[in-house]
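Understanding the architecture of this molecule
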Amino acid sequence: MDRSEIAFEVNGAAVSVSVPPVRRLSQVLRDELRLTGTKVGCDAGDCGACTVLVDGDPVCACLMPAASVAGASVTTVEGLANGRLSALQASFLEHGAAQCGICTPGLLMAATALLERNPTPSEVETQDALGGVLCRCTGYRKIVAAVMQASQHMNSVDLRLPEAGHAVGASPIRLDGVPKVTGDEKFGGDSFPSDALAVLVVRSPHYHARFSFGDLDAWSKAHPGIAGVFTAADIPGHNCFGVIGPFADQPALADGFARLRGEAVALVAGEREAILDLDLTDLPIAWTELPHMLQPREAKADGAALIHPHRPANLLTSGYVERGDPDGALAGAAVTVSGTIETSFVEHAYIEPEAGYAYMDGDTLVVVACTQAPYMDRDDTAKVLGLAVDKVRIVPTATGGGFGSKLDVSLQPLIGLVAMKTGRPAALAYTRNESMMSTTKRHPAEMKATIGADAEGRVIGMVFEGDFNTGAYASWGPTVANRVPVHASGPYFTPNYRATGYAIHTNGPIAGAFRGFGVPQATIMQETLYDELAAKLGMDRLDFRLKNCLRNGYETVTGQRLESGVGIGECLEQLKPHWARALADAEVFNAAHTASKRGVGVASCWYGCGNTSLPNPSTIKVGISAAGDVVLHQGAVDIGQGSNTVISQICADALGLPLASFKLKSADTAITPDAGKTSASRQTFVTGKAAEKAGRALREKILRFANVSEQATIVLDGAGISIREGDAARRIDLAALKADADGFVFVAEETYDPPTLPLDAKGQGKPYAVYGYGAQIAELEVDLKLGTVKLIKITAAHDVGKAINPVLVEGQIEGGIAQGIGMALMEEYIPGRTENLHDYLIPTIGDVPPIEHILVEVPDPEGPFGAKGLGEHVLIPTAPAILNAIRHATGVLVAKVPATPSRILAAIREKEARR
């Protein structure tokens, strides 16, 4: 493509670039000028992550051709600080408005333009100005607060960290926060080597098809700059991966036939400019489309073709829990209710598409990429590429959201293959379309259940059954099938119970991990039936839940006795005054309005932290160097939830040294011990417990060396440690001690694995060591003519055991609620139709109402300082609370989620037709 010399100004400096005039400004900034603070999430103007200022006005850099900025002044996020943080950047840090950080630059730029015009904007003005920038992590509320209060900052932020013994329970700014607001944070696509080959993935356009290749070598030679085309035949190892070893079934590159639309079948590697201009329409590949099945009912039908020959009836696996005599209990119940609910595929929609690069370091393959599970990536990449695990190194970048989908390998073995075959670094960043087409989704579910209660309103029995569409490959289908039956009762005492979860193969998208592993779907079924039961019994809906909720000493549906730490009752009690106020407000509103009606809904949740009845260890290493540095090897990947900060806070207080003394070595399979995957609400609990143990063990070593008791205090004093106990004091000269290979003179490495027990044939056992609990109230208005829903407020009470960092806890609650809103009202991934952020709707800044969070702290003795997990829990009650509120407003339950306006209207009309 012809090039032009284009001169303009960036962040106050004159620049000139030689690029095609139509080259995107975002590409020019990132690839030519290496200003990678400008992020690319969609290349379509849908996400706003690439927002920059051109002559002071916010624009999407992905939509602006380079020629359009000739002579203009461009400001990127790197230009905001000018040696010190802007007031807006400082406000973002103080409010915890940056979580994963991938959308933060775009939000900062849009907000900067607003504040230049209006230093004290209202909430509506802030929402209007930032409405074009999507965030998937925060729930927007802290972003709005940060912008509105930016004028209160004097271009500074309090970077002081808590003193020794005061880190847990404090809310210092994120330890990794400053790079997120300055644009210095490096995500998967931000540090590609200049000499890296660019990689394109050829994907199946069909749900099910055979394919064959022609002369790929001749095709490569006919295209200048192409280094080669690689297929399954080039894979040197076992062309199969999967997150759960016994179920692994997915090829890195399909071999001869594809089982789903978007499946990778070949790689094209070449020079960056050649790849940018490449047209793949003449690639010699022939397709034969085959019949496909997208619904579990088709895949289960007699005579249905098998997607995997060794899995009869297209059943991947099933989970089962039975306790007591549920059929007898339901037969003798005073009141029973039954229902069905269907949910949809939900897209993770993280703003950072998958990206990374690979290179050979001697005989070791190094993969630098966004991920939630570096050690799992290492093992699967090694298997596929025929390498020993110690010859693969995974170096996680900052991860711009994950929510479960970045647990599965995606590009890691692909770029690794190209690097191995060519000897050159290989880089790949998924487009938004291929990310949404090829990566995992939340399982759609078709569920039915019956629940019965006695005349006093106590639940006595429940039967649940659900088919979960796991798509073409296993991914986390077994986890969903086994976790759902454990949780489908909700956090309520249910003495007679049977639940079955089936993971069914189809040719649809691969369904994997997504914040809750099937529990959000099951909770919709259970909580909507609880409202029906309360109505039949003539009981208040909140009182009915309080009457039946689990308490200390109760047994769960798996027979696990919960001795302590059960906080659901406290959560519901905390909601009582809010419930009374909301119902009264709704009654007043409804008396005065006919075109729209207000509804109030409530729902609860519980969630077991960590793996279900399986080993789930995390290991943490912390040491003190001869120079007096405290180095924390922290291998838990921070995908925005704050584990870098929270785990450091825990370790600091356990060790008895100030947080400011710590230096972090983040996840890297060559450096940090395995802290396990970032999923299942396990990092604060499991890795946090390992960090607490490691901190205490290191403290004990120092005190023993000094021959003092546990009551002594330790203080880092340059290259020494001062120890005081009462009036006695001594100093350890660290430089005089022998250091180990890592340079540590004192070091401790500890592992924690939660105590669980296997489930027997009836699902009885101890699947989790710790559960978290929560309950939420949703207030909303429904337009009875349009079917639209306006959210008024959500009140969320969550038992976190101990809020290690309250601001981060609030951020997790708000972010989870935003995703729950999407699941309830708008998010429905339809293969082939909603593979971008324009057609697939996620909540925007105007869709999330005020959220009141109530932090309940019922400590669990297993958790570090009593803490429990939180990440999954906060999403689970939101959708059922919203659906119950819609029913309260309209008298109808929408049984197909999301509850879109058309579905709400259809349910209202059906109800009216029955009158």
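Quick summary incoming for the structure in this document. (Residues numbered from 1 in each chain as written. Predicted model: local features only at pLDDT ≥ 70, side-chain atom pairs only at ≥ 80, totals over all residues. Heavy atoms only, no water.)

Another point: the overall build of the protein chain. Within the protein chain, the secondary structure is distributed over 22 helices and 33 strands. Taking 915 residues into account, the globule formula puts the C-alpha radius of gyration at 29 Å, and the protein chain, at 28 Å, falls close to it. Considering only C-alpha atoms, the protein chain reaches an extent of 85 × 80 × 60 Å along its principal axes. Taken across its 915 residues, the protein chain has 63% of its residues classed as buried. Only carbon and sulfur atoms are counted for the fraction: they give 51% of the accessible area of the protein chain, which is about 31300 Å². (Helix = DSSP H or I, 4+ residues; strand = E, 2+ residues; numbered from the N terminus. Rg over C-alpha atoms; globule rule 2.2 N^0.38 Å. Buried < 20%, exposed > 50% of the residue type's maximum accessible area, 1.4 Å probe, protein only. Areas by Shrake-Rupley, 256 points an atom, 1.4 Å probe, with all protein chains shown as cover.)

Per the counting criterion, the structure on display carries 46 salt bridges. Three or more residues joined by partner-sharing salt bridges are found here, namely R3, R23, D31, E32, R272 and E273. (Salt bridge = Lys/Arg side-chain N within 4 Å of Asp/Glu carboxyl O.)

So, about the nonpolar core. Of all hydrophobic cores here, the largest spans 156 residues; its most connected members are F92, F464, I568 and I882. Sorting elements by how many residues they give to this core places helix 15 (residues 519–537) first, with nine residues. Apart from residues no more than four positions distant in its own chain, I568 is found in contact with P491, C549, L550, S604, C605, Y773, G774 and A775. Grouped together as the second largest cluster of nonpolar side chains are 45 residues, I620, A636, L655 and A706 included. (Core = buried A, V, L, I, M, F, W, Y, C linked by side-chain atoms within 4.5 Å. Contact = heavy atoms within 4.5 Å.)

For the structure on display, the rule yields 13 aromatic pairs. Between F211 and F213 the ring centres are 5.6 Å apart and the planes differ by 75°, which places this aromatic pair in the edge-to-face class. Note on F685 and Y752: the rings are 5.8 Å apart at their centroids and 70° apart in plane angle, and the pair reads as edge-to-face. Linking F685 in helix 19 (residues 683–706) with Y752 in strand 30 (residues 744–752), this pair joins segments that are 67 residues apart in sequence. (Phe/Tyr/Trp six-rings, centres within 6.5 Å; stacked < 30°, edge-to-face > 60°.)

With that settled, consider unusual backbone geometry. With omega at 15°, the peptide bond leading from V897 into P898 counts as cis. Along the chain, the position of P898 falls in the loop between helix 21 (878–890) and helix 22 (901–914). Residue A313 is not a glycine yet carries a positive backbone phi of 60°. On the secondary structure map, A313 appears in the loop between helix 9 (296–300) and strand 12 (315–323). Even without being a glycine, F517 presents a positive backbone phi close to 50°.

A word on the sheet that holds strand 22 (residues 497–505). In a beta sheet, neighbouring strands pair by backbone hydrogen bonds and run either parallel or antiparallel. Spatial ordering of the open sheet is given by 12-22-21-20-13, a layout of five strands whose pairing is mixed. Of all strands in the sheet, those with a lone pairing partner are strand 12 and strand 13 (335–342), marking the two edges. Neighbour to neighbour, the strand axes of the sheet diverge by 5° on average, direction disregarded. Pairing of strand 12 with strand 22, which is carried by eight bridges, proceeds in the antiparallel orientation. (Pairing = 2+ DSSP bridges. Axes fitted to C-alpha atoms, helices over the stretch in contact; angles between N-to-C directions.)

With that settled, the discussion passes to the sheet that holds strand 31 (residues 771–783). Sheet architecture is open: four strands sit in the order 23-31-32-33, paired in mixed fashion. This sheet does not close on itself; its edge strands, each paired only once, are strand 23 (596–608) and strand 33 (851–856). Direction aside, neighbouring strands of the sheet carry axes that sit 15° apart on average. Pairing between strand 32 (residues 789–799) and strand 33: six bridges, direction parallel. Counted as the bridge partner of D799 is V856 from strand 33.

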